[in-house]
Amino acid sequence: MAREWLAVERFNLIVTHLPGLPMRREAVRQLEALVDEFRVVGYGQSIIYGVAPDPFRAVEEFRRSMPRSTPILRIIPVNDVVKPYIDAVRRSVHTLLSRHPEGSVAVRIDGHLLDENGRVMHRRDAAVAIMNGIERPVNLRSPDVLVYIKVTRLRRWRVAAIYTGPPSGILSTVKESRSRLE
């Protein structure tokens, strides 16, 4: 069982795409064409879990060469993958934030974390628990550092994928397309 969990930890990109198998195939084709050494390690409903040698550079490579028409909605680089329990997520976030220069922080949680007893936590309570002990200003509109946590299922495991970095580090093709039109 522990060996299976280790296999789940080995992704560093989450790619969301338009629904449907043809859209998934096109998204994978575009990623393989534009991102050096990209490979798929798993799928979910409208989600691709992938690995790239440098996930942050992969996002920039795709942003730079993004096709006008793409089924990809978002590409999220992942700093760490942990079990979706609040203590594991808090430890990881504290470690990751120590690598970033001082500045304001925002926590965004997509999905639900679990408390120490395995009960689902409200997102606001989870965000407060994660930030407990971190002495940084909170800026929800325009943070210097975004802490983005996506709780998802890969194979039979629920995991919390964590990104810490500038908000621009997550590629939203919808926003990029909108800004190209303006």
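Residues numbered from 1 in each chain as written. Predicted model: local features only at pLDDT ≥ 70, side-chain atom pairs only at ≥ 80, totals over all residues. Heavy atoms only, no water.

In this section: the pattern of salt bridges. For side chains of opposite charge, pairing can occur when their charged atoms come near one another. Following the criterion strictly, the structure yields eight salt bridges and no others. With a shortest N-O distance of 3.1 Å, Asp-36 and Arg-57 are connected by a salt bridge. Within this pair, whereas Asp-36 is found in the loop between α2 (21-34) and β2 (39-44), its partner Arg-57 is found in helix α3 (residues 55-65), the two being separated by 21 residues in sequence. By relative accessible area, which is 45% here, Asp-36 ends up partly exposed. (Salt bridge = Lys/Arg side-chain N within 4 Å of Asp/Glu carboxyl O. Helix = DSSP H or I, 4+ residues; strand = E, 2+ residues; numbered from the N terminus. Buried < 20%, exposed > 50% of the residue type's maximum accessible area, 1.4 Å probe, protein only.)

So, about the sheet that holds strand β6 (residues 105-110). With mixed pairing, the four strands of this open sheet are ordered in space as β5-β8-β7-β6. Of all the strands in the sheet, just β5 (80-82) and β6 have a single pairing partner and so form its edges. If you compare each strand with its neighbour and ignore which way they point, the axes differ by 20 degrees on average. Across three bridges, the pairing between β5 and strand β8 (residues 157-165) is antiparallel. Bridge pairing in β8 places Asp-80 opposite Ile-162. Strands in contact with helix α5 (residues 123-131) are β6 and β7 (145-154); relative to β6, the strand with the most contacts, it is inclined by about 135 degrees. (Pairing = 2+ DSSP bridges. Axes fitted to C-alpha atoms, helices over the stretch in contact; angles between N-to-C directions. Contact = heavy atoms within 4.5 Å.)

As for its position among the elements, Ser-104 is in the loop between α4 (86-97) and β6. Judged by its relative accessible area of 8%, Ser-104 is buried. In this view, Ser-104 contacts Pro-137, Asn-139, Ser-142, Pro-143, Asp-144 and Val-145; residues no more than four positions away in its chain are not counted.

Counting 24 residues, the largest nonpolar core has Val-89, Val-93, Ile-109, Leu-113, Ile-130 and Ile-149 as the members making the most contacts within it. The set of elements that each furnish at least two residues to this core consists of α4, β6, α5, β7 and β8. Once you skip the residues sitting within four places of it in the chain, Ile-109 turns out to touch Arg-123, Ala-126, Ala-127, Ile-130 and Ile-149. (Core = buried A, V, L, I, M, F, W, Y, C linked by side-chain atoms within 4.5 Å.)

The end-to-end C-alpha distance of α2, which contains 14 residues, comes to 20 Å, matching closely the 20 Å that a straight helix rising 1.5 Å per residue would cover. Among all positions in α2, only Ala-27, Val-28, Gln-30 and Leu-31 are buried. Angular distribution of buried residues about the axis of α2 spans 165 degrees; they occupy a single face of the element. Opposite its buried face, α2 presents the exposed residues Pro-22, Arg-25 and Ala-33, each directed more than 90 degrees away. As for α2, its buried residues are in contact with β1 (13-17), β2, β3 (47-51), α3 and β4 (72-77). (Expected span 1.5 Å × (residues − 1). Arc of directions from axis to C-beta.)

Moving on, we get to the packing of α2 against α3. Helix packing geometry: the angle between the two helix axes and the distance between the axes. Direction vectors running N to C along α2 and α3 enclose 105 degrees, while the axes themselves pass 9 Å from each other. On the basis of the axis angle, α2 is roughly perpendicular to α3. In contact with Gln-30, Leu-31 and Leu-34 of α2, α3 contributes Glu-61, Phe-62 and Ser-65. Counted by class, the contact of α2 with α3 contains three nonpolar, two polar and one charged residues. (Parallel < 35°, antiparallel > 145°, perpendicular 65-115°, else oblique. Nonpolar A, V, L, I, M, F, W, Y, C, P; charged D, E, K, R; others polar.)

Taken together, five strands build an open sheet; the order of strands is β2-β3-β1-β4-β9 and the sheet is antiparallel. Two strands close off the open sheet at either side, each with one partner strand: β2 and β9 (171-172). Across five bridges, β2 lies against β3 in antiparallel orientation. In the sheet register, Arg-39 faces β3, and the bridge partner there is Val-51.

Under the defined criterion, the tally for this structure stands at two aromatic pairs. Summarising the aromatic geometry, the rings of Phe-11 and Tyr-49 are spaced 5.1 Å apart at their centres and angled 65 degrees between planes, so their arrangement reads as edge-to-face. Here Tyr-49 lies in strand β3 and Phe-11 lies in the loop between α1 (2-8) and β1, a separation of 38 residues in the sequence. Side by side, Phe-11 and Tyr-49 carry an identical accessibility label, which is buried. Seen from their ring centres, Phe-56 and Tyr-163 are 6.3 Å apart, and the 40 degrees between their planes marks the pair as tilted. Separated by 107 residues along the polypeptide, Phe-56 in helix α3 and Tyr-163 in strand β8 bring together distant segments of the chain. Its relative accessible area of 35% is what places Phe-56 among the partly exposed residues. (Phe/Tyr/Trp six-rings, centres within 6.5 Å; stacked < 30°, edge-to-face > 60°.)

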